[in-house]
Amino acid sequence: MAAYNQSRSNIIRVLVIIAFSVIILQLVYLQLIDRRYKQLAMDNAVYAKVIYPERGIIYDRKGRAILNNTIIYDLMVTPAEVKGIDTLAFCRLLNIDTADFRERMLEAILKNTRVRPSVFKPMLTQELQARFEENSWKFPGFNLVERPLRIYPFGAAAHILGYVREADKRDIERSENFYRQGDYIGKTGLEAYYEPVLMGQRGVQYMIKDNKNRIVGPYEKGEFDTAAMAGRSLHTHIDVELQQLAEKLMSNKVGGLVAIDPRTGGILSMVSGPNYNPNDLSGPEGSKNFSRMQLDVSGPMLNRAIAGKYEPGSTYKPLGALIALNEKVITPEYGYPCGGRYTQCGHGKPECTHAGGGHAANVRLAIANSCNAYFAHIYRLTVDNPKYKNVYDGYLHWKQYMNAFGLGVRLGVDLPSESAGGIADTMVYNKENAGRWTSCTNLTLGIGQDKMQATPLQMANAMCIIANKGYYYTPHFVARIEDEHEQDSLYTNRYKIRHDVLTYIPEAAFNDVIEGMSDVVKVGTARGAQIDGIEVCAKTGTAENYTVLDGRRIKLPDNSMFVCFAPKENPKIAIAVFVQNAGFGATWAAPIARMMMEKYLNDSLSVRSKADSARIEAANLMPAYFKRLQYREDSIRAFKWFQTTRDSAYIERYSRIRQPLHRNLATTIPFSKQPGPLQKEKGRKVLMVITPDNRSLGLKKEILR
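The rules we used
Residues numbered from 1 in each chain as written. Predicted model: local features only at pLDDT ≥ 70, side-chain atom pairs only at ≥ 80, totals over all residues. Heavy atoms only, no water. Salt bridge = Lys/Arg side-chain N within 4 Å of Asp/Glu carboxyl O. Helix = DSSP H or I, 4+ residues; strand = E, 2+ residues; numbered from the N terminus. Buried < 20%, exposed > 50% of the residue type's maximum accessible area, 1.4 Å probe, protein only. pLDDT = per-residue confidence, 0-100. Contact = heavy atoms within 4.5 Å. Core = buried A, V, L, I, M, F, W, Y, C linked by side-chain atoms within 4.5 Å. Domains from an automatic or database assignment. Axes fitted to C-alpha atoms, helices over the stretch in contact; angles between N-to-C directions. Parallel < 35°, antiparallel > 145°, perpendicular 65-115°, else oblique. Left-handed = near helix turned anticlockwise from the far one by under 90°. Nonpolar A, V, L, I, M, F, W, Y, C, P; charged D, E, K, R; others polar. Pairing = 2+ DSSP bridges. Expected span 1.5 Å × (residues − 1). Disulfide = S-S within 2.5 Å.

Caption draft 1: A look at the pattern of salt bridges. Considering all chains together, one arrives at 32 salt bridges under this definition. A salt bridge links Asp 488 to Arg 232, with the nearest nitrogen and oxygen atoms 2.6 Å apart. Taken together, the residues span a long stretch of sequence, with Asp 488 in the loop between strand E16 (478-481) and helix H19 (489-492) and Arg 232 in the loop between strand E9 (215-218) and strand E10 (234-236) at a distance of 256 residues. With a closest N to O distance of 3.0 Å, Arg 263 and Asp 261 form a salt bridge. For Asp 261, a relative accessible area of 8% corresponds to the buried category. When salt bridges with common partners are traced through the structure, they connect Asp 60, Arg 61, Arg 64, Asp 239, Glu 241 and Lys 599 into a single cluster.

This is the structure:
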């Protein structure tokens, strides 16, 4: 019996030892290996507060901050910690409804899971911030996070500086999760191009929470905290006073303006019209303003200075003269007996604004008087040059010149979304003409039309090439990066390289063209661009402009263009101005450029220029068809909304139209019979809106029975 009890006692001892061993091993595993419970405990007791760094500041050429930072607060939520709150009181506090509350909570969970903090309401106003801070103890799971906010002290250079917004899913994926939900990222302009420099490095501050979710102090005396590192600043070539003047002169106008220092390639000013105040996209109203501008058909967020493609018109002619001189198909003394139109291609086009009187007796006079027949003819001489096998080969050589001038290629400016413009390849003409075409086919290339398209940036750079007699530096904004690192050379070195693209053209040829451009201002088509004591070299340009609206091709007022550089000796500024639908280049674009040159070179405006500035600033040259186009686009959106939701509230504003603008596009579509804001009446009520059609965009009749 004793032996039996002893055996049973041993078994019990073994079982107890095994049980304790399992418990000890489990404790070891939980404490030293499995970190889940420790992490849960940490999440319950410790709050990791993200410290967002200040983004780098952007300065103009005189050291003035044109983009700076201030502080604002985001309201963050950790959904797993939101327990037992008074939702109605919370919604009243933030001026939102319960449906909005649920939608934001769901979005936070889907974007960033329940246990990670997400932005519930970004950029609180000071009033909302104060109200929440007073009541924060009532709402566990919610907390405020300080965030630097971009401000623009001069309210200028929106298209240059760009804007920042919260990183979206694609931004996070492209960065391989470097960015997190709640981070902000540069989306356009210098903010986007120099994002790695400007962004800085986020920090983390660990804080202890009590059982009521209140912050009671730092965790482990801040031993595990990491400091945020501010982004580095950019010092640019921009002259903010010049920029402000340019924006005033281009207000209520569509087009682009670029001013460059030919000696460095530094961009002094760049404006796209219509413009907007960059502060409109910053702060609590930023998202609302962003949505409004995105729906504006005039495209205030499009940077036409680098992405707008225009026929350069007569502003091309100095380039055509240089090419012809270098190809030796003409001499400086070469003249053309222009009688008011070009007749050698059989159709008497293009026409000229001059006739007779020797206005095209040589290159210099032809440039000064902008003779269309002269430049159409020397284009033909260039591409029909006997040293080339045929017109196709001659055209390709001409195209190489154009690319050397920077047309038809991206220059590499330090902004995203630059356009290459357009210089057609021979395959385009081959396709359109069954492989059989002559220099008469694209004759108007000689006057900057046909399939030639250039951006204002490209034309300003072409002026730099002429001013420098054959070379240029890639146009750019940033002169230097603060505390420049070795890896920053990726940004900066490329803008220090001199491009000797056309220095093989004899200096005498450049001098002949420059003298002709000087005569444009002295005695030619741009006498209004004269500045006392400064010799200006320039060329005016005017190009016809059409659009298609409601299925019809409409002739619009001509585009007004002007290119120039000054002074003639040792040029310090080159400018291109394009104003859509404004008329002659000498009427609008030329005085704008003159005032820009005068302000930059003299640091002031004359009495005459101040009067012109007030006149031009007050002029509204916005194309009239934009109103019709905006109405059409809004109506289409209203109809699509109605199709999706059967809600006619939005579409009601278009119900007063009684007749379609284009009778061929009127069709009848039944309305839903569901009751809504448009109630049934005796008889029928007619509602007419613009809706998409397989053939075109026109008006369609909607009938409520």
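Caption draft 2: The arrangement of the confidence of the model for the protein in detail. For the protein, per-residue confidence averages 86 on the pLDDT scale, and residues scoring 70 or more make up 89% of the total. Between residues 657-705, whose pLDDT stays under 50, and residues either more than four places distant or in other chains, the model counts 111 contacts.

Caption draft 3: Region of the structure containing the nonpolar core. In terms of nonpolar packing, the biggest core is built from 134 residues, with Tyr 194, Met 270, Tyr 374, Tyr 395, Trp 398, Phe 405 and Leu 407 touching the most fellow members. A domain-level breakdown of this core finds at least three residues from each of domain 2 (49-235) and domain 3 (267-281 + 309-618). Contacts of Trp 398, omitting those with residues within four sequence positions, involve Tyr 316, Ile 323, Tyr 379, Thr 382, Val 383, Ile 423, Leu 445 and Met 452. Judged by nonpolar contacts, the second largest core, of 19 residues, contains Val 77, Ile 85, Phe 101 and Phe 142.

Caption draft 4: The arrangement of the packing of helix H13 (residues 317-326) against helix H18 (residues 456-467) in detail. Running from N to C, H13 and H18 cross one another at 45 degrees; their axes reach a closest spacing of 11 Å. By the angle class used here, H13 and H18 are oblique. The hand of the H13/H18 crossing is left-handed. Counting all contacts with H13, which are made through Pro 318, Leu 319 and Leu 322, the residues of H18 involved are Ala 462, Met 463 and Ile 466. Each residue belonging to the contact of H13 with H18 can be placed in one class, and the counts come to six nonpolar, no polar and no charged.

Caption draft 5: Layout of the pairing of strand E12 (residues 267-273). Counting buried positions along E12 gives seven out of seven residues, so the element sits mostly inside the fold. Examined bridge by bridge, strand E11 (residues 255-260) and E12 share six bridges and lie antiparallel to one another. Paired with Ala 259 across the strands is Ser 269, a residue of E12. Hairpin remark: E11 followed by E12, antiparallel, with six residues in the connecting loop; positive phi at Gly 265, about 80 degrees.

Caption draft 6: Molecular detail of helix H23 (residues 625-645). Taking 1.5 Å per residue as the helical rise, H23 with its 21 residues ought to reach 30 Å, and the 30 Å between its terminal C-alpha atoms agrees with that figure. Burial in H23 covers these residues: Tyr 625, Phe 626, Arg 628, Leu 629, Gln 630, Arg 632, Ser 635, Ile 636, Ala 638, Phe 639 and Phe 642. Looking one or two residues past H23, Arg 646 carries a phi angle of roughly 60 degrees, positive in sign.

Caption draft 7: Layout of the state of the cysteines. One pass over the full model with this rule turns up one disulfide. Put simply, Cys 345 and Cys 440 are joined by a disulfide, and their sulfur atoms are 1.9 Å apart. Judged by the sign of its S-S torsion, about -85 degrees, the bond between Cys 345 and Cys 440 is left-handed. Of the two residues, Cys 345 sits in the loop between H13 and helix H14 (363-369) while Cys 440 sits in the loop between helix H17 (426-432) and strand E14 (452-453), which places them 95 residues apart along the sequence. By relative accessible area, Cys 345 is classed as buried at 16%. Looking at Cys 440, the relative accessible area reads 22%, which means it is partly exposed. Sulfur of Cys 537: no disulfide; nearest cysteine sulfur belongs to Cys 564 and is 9.3 Å away. Since its relative accessible area comes to 0%, Cys 537 is described here as buried.

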